Amino acid sequence: MKDHLSKDSSRGPKKRGSGDATPWHARTVDEVERVLETSRARGLSESVAQERLSIFGRNEVAETTKRSLLSIVWAQFQSLIVFMLLAAAGVAFAFGDLPEAVAIVVVVLLNATVGFFMEWRADVALTALRREGAATARVVRDGVERQVAASDLVPGDVFVLNAGDRIPADARLTESKELHVEEASLTGESTPVAKGGELVDVESALADRTSMVYMGTVITEGRGRCIVTHTGVHTEMGKIGALIGEIAEQRTPLERELHRLGNRLVVVVLLLCAVIVGVGLLRGNDIVAMVEVGISLAIAAVPEGLPAVATMTLALGMQRMAKMKALLRRLPAVETLGATNVICSDKTGTLTKNEMTVRALQLAGRRVDVSGVGYVPEGKFSVGDAELDPFQDTLLFTALKIGALCSDAQLEERGAETTVLGDPTEGALLVAARKAGINLAALASEYPRVGEIPFKSETKRMATLHRLPDDRGFVAVKGALSALLPASESQLISGETIAVSHRTREEIHAYNTALAGEGLRVLALACKETTRWNDPFTLDEGLTFVGLVGMQDPLREEAVLAVHRCREAGIRVIMITGDQPATAQAIGAQLGLGRNQGGEPLKTVHGRELSSVAEQDWKELVKEVAVFARVSPEHKMRIVQGLQDNGDIVAMTGDGINDAPALKQADIGIAMGIKGTEVTKEAADMVIADDNFATIVSAVEQGRIIYGNILRFVRYLFSCNLSEILIVFIALIVGWPLPLNAIQILWLNVITDVFPALALVFESASPDMMKRPPRSPQEPILSGRLMGIIGAEALLICCATLLAFWVGLTRESEAPEVGTRYASSLAFMTLAFSQILHAYTSRSQTRSAFTAFFSNRWLGAAAFLSLFLQSLAFYVPPLQETLRTVALDSEGWIIVALCGALPLLTIEIVKSLRRGTLLRGG
């Protein structure tokens, strides 16, 4: 057997050397039997099944593992800035500065603790791919049906299908009886697919392979029998699992920026240490003293508060989004949403409700519109502005009666909630009848079903035979127009039957095209009467055509508004669906996806066309397409890659297994919490608990707010830290004593930097936040303009501090008993005061700090706390000794107040001048 059969991940087991690469869905059942050496009647023998199990392995999909607690802990330390802080702590410890070393380590551990706690809470224990498979299967071996573990299935096994079963492997159907399979999780199809054993075209898309059934999908009705063609990792689900495993974890824009920032800081710190030590030695200073100064500047260069404040900012954003029913699994994903400029969205269940609804009927030239959406049996029937009474309109009542009779679905009405049991399309017809006030139980009693012709994919129609009170028979027929209209010899118009002319047939086809162009799924309705209920009848001729019914999986009302908000925010929405192109294009147009920012129409592309797209052409293709229809999992992932190759930050939404690889490939994967599979949730960065597309847009807005606040505290922290470097460096160049010592710098970076910076996180959003274009993903956090602002503000704070220090040195010359410690204390307090005030100027680059000065209560509290802790450093003896400060007299406090306010006043004057220039149009 090993020599006779081989494994092929794309075609399944096949004859070696046969050279036949025909896929299973395009082979006859006899050929499948021959190639797999099995029998549809007897199946495999037990011995052959065991031998093949040893060749192909167990029918299992490899389980994806969730993150361990240790990996979450380690992730908190994977930052160059954190490594630099730990290195600085090590150097401080080596030089005997134990307080500095301990303080740095405490900051790092605090940051890691917050990050770990938030990610641990969000890291839900999600189930892996194997739970999507079936636990057992009913197979035929040695001619006898038996129950076996699904993991023991092998290629060539014959197994039985029944309604409610979850299919355990990919298989070729050999027989089918009204078999319908729910494949939405794999293909994106919104309705169950009718399955049969007939040949399917070689190039058919996955969703069109009606002769095949696939692992993990569910049988909604009917029964059948099939031959296993693929097991385990070779199934369609297994291929998706392999795609997920091959995708490397994507870094978020913030992670990439902080990594680049860390690299730059390493270079800056090393250069500073080298320059300071070199300058000091040239001036004849002691080498040990210069190394200590270098360490002080290195500590000043590294913003100790940055990791902690960044982590807290993202953690707060995560909490806010959780309240909005958006659960994020990784902290940096919060910010990624703010940078997103493309959202690739699945249609079914995401943009739509996944509830078929009758929207219109075309009856003898009249279009009857039906109001109401979903399965709620409330709505009206109208022609234009005129409302119809279905019981007074014979043609409308007959159409609704046929739809209700020719159905195997059931409505379960419990109070205000209505549930469809069975096919959603048939359920929609029942709901339409209920909207008209038809009592379904009474209708079934008046028209008892005595026979039926089930739907088949080759005939594309279904009929039910009903016995009338006078023993005549009434046949209700529904199906594709192509199946019913050729068999119709007459047409029902206002209760009368007239012959169908050639012109009438053309008009009906035109109506059908018009309804389909609106994104509606169109069914034709017809009927036939027999002289006696038990007379034989045929559906190939003699039908009376009644009309067309157009159904739609309705759009979520909030999704339309959300897409509009995306367009205002400069975010492009692309719909990726398993539906047919005509339906997909019409729904895309209803959502407003048909044109790009320049107004040019965007294309709809069928998945069949994607197979021939060259590697180098994907980048251009994804720029022009608004809707992708009938796509495979590989195509979805390639679409995301093409967008990323263009520099886009891509969010991908989805709920089915087929979405998982693309979700993992995207910059941020968004899974649906209600209808999403566990596999999709495992691959996603964010889970939307309410399956609401509008929640995604709100999360994007929250991400933009967070990024704006990150820029605020980055500006604040770096201007403060740079001012400390300039103070020490300029004093050294001038030949003054050092205004600040290392422990004072660390105190400022932890106490007066962290609290105000963290308070900036609570700044409210700008009113036009979602009317601005998304930031460029190539734009660094420290842009050239922002670095210029930081440099200017740092120089102002530096000058104010050195001014206070100079005044203190002047006073020393007048009163030598005061000493340099007094001048250092003045500089220390002035720097702290100016930095605290600088937090208010950092709230906006244009708006005055005095506008709504008290609107951010957290900033007020942080300023008060920082001033209070800073004051303790001057009046609590242990802190005085550690920080080497002295208590300030009233004159000293006046110097601090005047010098400390200078940077704030200068920056506000510049802002005022800039605002005036903008108002004048300059």
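Residues numbered from 1 in each chain as written. Predicted model: local features only at pLDDT ≥ 70, side-chain atom pairs only at ≥ 80, totals over all residues. Heavy atoms only, no water.

**Considerations on the overall build of the chain**
Here is step 1: When helices and strands are tallied, the chain shows 31 helices and 30 strands.
Here is step 2: The buried share of the chain, reckoned over its 922 residues, is 55%.
Here is step 3: Once local pairs closer than 6 in sequence are excluded, the contacts in the chain between residues at least 24 apart make up 70%.
Here is step 4: Just so you have it, the chain exposes about 37200 Å², and 57% of that area is on carbon and sulfur atoms. (Helix = DSSP H or I, 4+ residues; strand = E, 2+ residues; numbered from the N terminus. Buried < 20%, exposed > 50% of the residue type's maximum accessible area, 1.4 Å probe, protein only. Contact = heavy atoms within 4.5 Å. Areas by Shrake-Rupley, 256 points an atom, 1.4 Å probe, with all protein chains shown as cover.)

**Looking at the packing of aromatic side chains**
Here is step 1: This model, assessed by the stated rule, comprises five aromatic pairs.
Here is step 2: Between Trp736 and Phe805, the ring centres sit 5.8 Å apart and the planes meet at 55°, which makes this aromatic pair tilted. Of this pair, Trp736 sits in the loop between α24 (693–734) and α25 (742–752) while Phe805 sits in helix α27 (residues 784–814), and the two are 69 residues apart along the sequence.
Here is step 3: Overall, the relative accessible area of 28% leaves Trp736 in the partly exposed class. (Phe/Tyr/Trp six-rings, centres within 6.5 Å; stacked < 30°, edge-to-face > 60°.)

**Structural notes on the pattern of salt bridges**
Here is step 1: Within this structure, the stated rule accounts for 30 salt bridges.
Here is step 2: In this structure, the salt-bridge partner of Arg58 is Asp152, at a minimum N-O distance of 2.7 Å. Here Asp152 lies in the loop between β4 (144–149) and β5 (158–162) and Arg58 lies in the loop between α2 (46–56) and α3 (69–75), a separation of 94 residues in the sequence.
Here is step 3: Its salt-bridge partner being Arg467, residue Asp471 comes within 2.8 Å of it at the nearest N-O pair.
Here is step 4: Owing to a relative accessible area of 23%, Asp471 belongs among the partly exposed residues under this scheme.
Here is step 5: A cluster of three or more residues bridged by salt bridges with shared partners is formed by Glu46, Arg141, Arg146 and Asp157. (Salt bridge = Lys/Arg side-chain N within 4 Å of Asp/Glu carboxyl O.)

**Topic: the sheet that holds strand β27 (residues 625–629)**
Here is step 1: Taking strand neighbours across the sheet as the criterion, the eight strands line up as β10-β30-β29-β28-β11-β25-β27-β26 in an open arrangement whose pairing is mixed. In this open sheet, the two strands that pair with only one neighbour each are β10 (326–328) and β26 (603–606). The mean inter-strand angle of the sheet, taken between neighbouring strand axes irrespective of direction, is 20°.
Here is step 2: Bridge analysis of β26 against β27 gives four bridges, and the strand direction is parallel. Directly across from Val605, in β27, lies its bridge partner Phe628. (Pairing = 2+ DSSP bridges. Axes fitted to C-alpha atoms, helices over the stretch in contact; angles between N-to-C directions.)

**Overview of the nonpolar core**
Here is step 1: The biggest cluster of nonpolar side chains holds 93 residues, and the ones touching the most others in it are Leu337, Ile670 and Phe693.
Here is step 2: Considering every element that reaches this core, the biggest residue donor is α24, with 17 residues.
Here is step 3: By size, the runner-up hydrophobic cluster in this structure holds 41 residues, among which are Ala399, Ala409, Leu430 and Val431. (Core = buried A, V, L, I, M, F, W, Y, C linked by side-chain atoms within 4.5 Å.)

**Considering the packing of α25 against helix α29 (residues 857–875)**
Any two packed helices are characterised by how steeply their axes cross, that is the angle between the axes, and by the distance between the axes.
Here is step 1: Running from N to C, α25 and α29 point in directions that differ by 155°, and their axes come no closer than 10 Å. On the basis of the axis angle, α25 is roughly antiparallel to α29. Where α25 crosses over α29, the handedness of that crossing is right-handed. Of the residues in α29, those touching α25 at Trp747, Leu748, Ile751 and Thr752 are Ser866, Leu869, Gln870 and Ala873.
Here is step 2: A per-class count over the contact of α25 with α29 returns five nonpolar, three polar and no charged. (Parallel < 35°, antiparallel > 145°, perpendicular 65-115°, else oblique. Left-handed = near helix turned anticlockwise from the far one by under 90°. Nonpolar A, V, L, I, M, F, W, Y, C, P; charged D, E, K, R; others polar.)

**Quick look at helix α13 (residues 424–435)**
Here is step 1: With 12 residues, α13 should cover 16 Å at 1.5 Å per step; its first-to-last C-alpha distance of 16 Å lies within 8% of that length.
Here is step 2: With 11 of 12 residues buried, α13 is to be regarded as a mostly interior element.
Here is step 3: Three or more residues of α13 are buried, namely Pro424, Thr425, Glu426, Gly427, Ala428, Leu429, Leu430, Val431, Ala432, Ala433 and Lys435.
Here is step 4: Two residues or fewer past α13, Gly437 is found with a positive phi of approximately 90°. (Expected span 1.5 Å × (residues − 1).)

**Side note on the side chain of Ser824**
Here is step 1: Structurally, Ser824 can be placed in helix α28 (residues 820–841).
Here is step 2: Classification of Ser824 as buried rests on a relative accessible area of 9%.
Here is step 3: Among all residues touching Ser824, those that are not within four sequence positions of it are Pro739, Gln744 and Phe805.

**Let's talk about empty space enclosed by the protein**
Here is step 1: According to the stated counting rule, one finds four cavities of 30 Å³ or more in the structure shown.
Here is step 2: Taken together, Val358, Leu361, Ala399, Leu400, Gly403, Leu429, Ala432, Leu525 and Val549 form the lining of the largest cavity.
Here is step 3: For the lining of the largest cavity, the secondary-structure elements that each account for two or more residues are β12 (357–363), α12 (394–405) and α13.
Here is step 4: It is α12 that contributes the most residues to the lining of the largest cavity, three residues altogether. (1 Å grid on protein atoms, 1.4 Å probe; cavity = no way out; pocket = protein on both sides within 12 Å on 5 of 7 lines; lining within 4 Å. Points joined across faces, edges and corners; volume = space filled by probe spheres on them.)

**Considering the environment of Thr583**
Here is step 1: Along the polypeptide, Thr583 turns up in helix α18 (residues 581–591).
Here is step 2: Linking Thr583 and Ala629, residues 46 residues apart in sequence, is a C-alpha distance of 9.0 Å.

**Observations regarding unusual backbone geometry**
Here is step 1: The phi dihedral of Ala364 is positive, around 50°, even though this residue is not glycine.
Here is step 2: Mapped onto the elements of the fold, Ala364 is located in the loop between β12 and β13 (366–370).
Here is step 3: Although it is not a glycine, Asp471 adopts a positive phi angle of roughly 70°.
Here is step 4: Counting through the fold element by element, Asp471 comes out in the loop between β19 (461–467) and β20 (473–479).

**Comments concerning helix α17 (residues 557–568)**
Here is step 1: Relative to the 16 Å expected for 12 residues at 1.5 Å per residue, α17 spans 18 Å between its end C-alpha atoms, a close match to the ideal helical length.
Here is step 2: On the buried face of α17, the contacting elements are β11 (342–346), β25 (572–577), α18 and α24.
Here is step 3: Downstream of α17 by a residue or two, Gly570 has a phi angle that is positive, lying close to 75°.

**Digging into the pairing of strand β3 (residues 136–141)**
Here is step 1: Across six bridges, β3 lies against β4 in antiparallel orientation. Paired with Arg138 across the strands is Gln147, a residue of β4.
Here is step 2: Taking the residues that link successive antiparallel strands as the turn, the β3-β4 hairpin has two residues, and the phi of Asp142 there is positive, at about 55°.
Here is step 3: As defined by bridge partners, β3 adjoins β5 across two bridges and the pair is classed as antiparallel. When the bridges of β5 are listed, Val140 appears paired with Val158.

**As for a nonpolar patch on the surface**
Here is step 1: On the surface, Trp74, Phe83, Leu86, Val105 and Leu109 cluster together to form a nonpolar patch covering roughly 450 Å² of accessible area.
Here is step 2: Of all elements in the fold, only α4 (80–94) and α5 (98–122) reach the threshold of two or more residues within the nonpolar patch.
Here is step 3: The class of Leu109 is partly exposed, set by a relative accessible area of 46%. (Patch = residues over 30% accessible without salt bridge, like charges linked within 9 Å, V, L, I, M, F, W, Y side chains within 5 Å.)

**Considerations on the environment of Ser45**
Here is step 1: Structurally, Ser45 is set in the loop between α1 (29–36) and α2.
Here is step 2: Judged by its relative accessible area of 22%, Ser45 is partly exposed.
Here is step 3: Reaching out from Ser45, the side chain makes a polar contact with the side chain of Ser47 at a distance of 3.2 Å. (Polar contact = N/O pair within 3.5 Å; in protein donor to acceptor, adjacent residues only side chain to side chain.)

**Looking at the side chain of His466**
Here is step 1: Mapped onto the fold, His466 is located in strand β19.
Here is step 2: Polar side-chain contacts of His466 include one of 2.9 Å to the backbone oxygen of Tyr447.
Here is step 3: Each residue touching His466, except ones within four places of it in the same chain, is listed here: Leu405, Tyr447, Pro448, Arg449, Val450, Arg472, Gly473, Phe474 and Ala476.

**Comments concerning the confidence of the model for the chain**
Here is step 1: Averaged over every residue, the pLDDT of the chain is 80; the share at 70 or more is 80%.
Here is step 2: Every residue in residues 6–19 is under pLDDT 50, and counting partners more than four places away or in other chains gives 40 contacts.
Here is step 3: Low confidence marks residues 122–134, where pLDDT is under 50. Its contacts with residues over four positions away, or in another chain, come to 40 contacts. (pLDDT = per-residue confidence, 0-100.)

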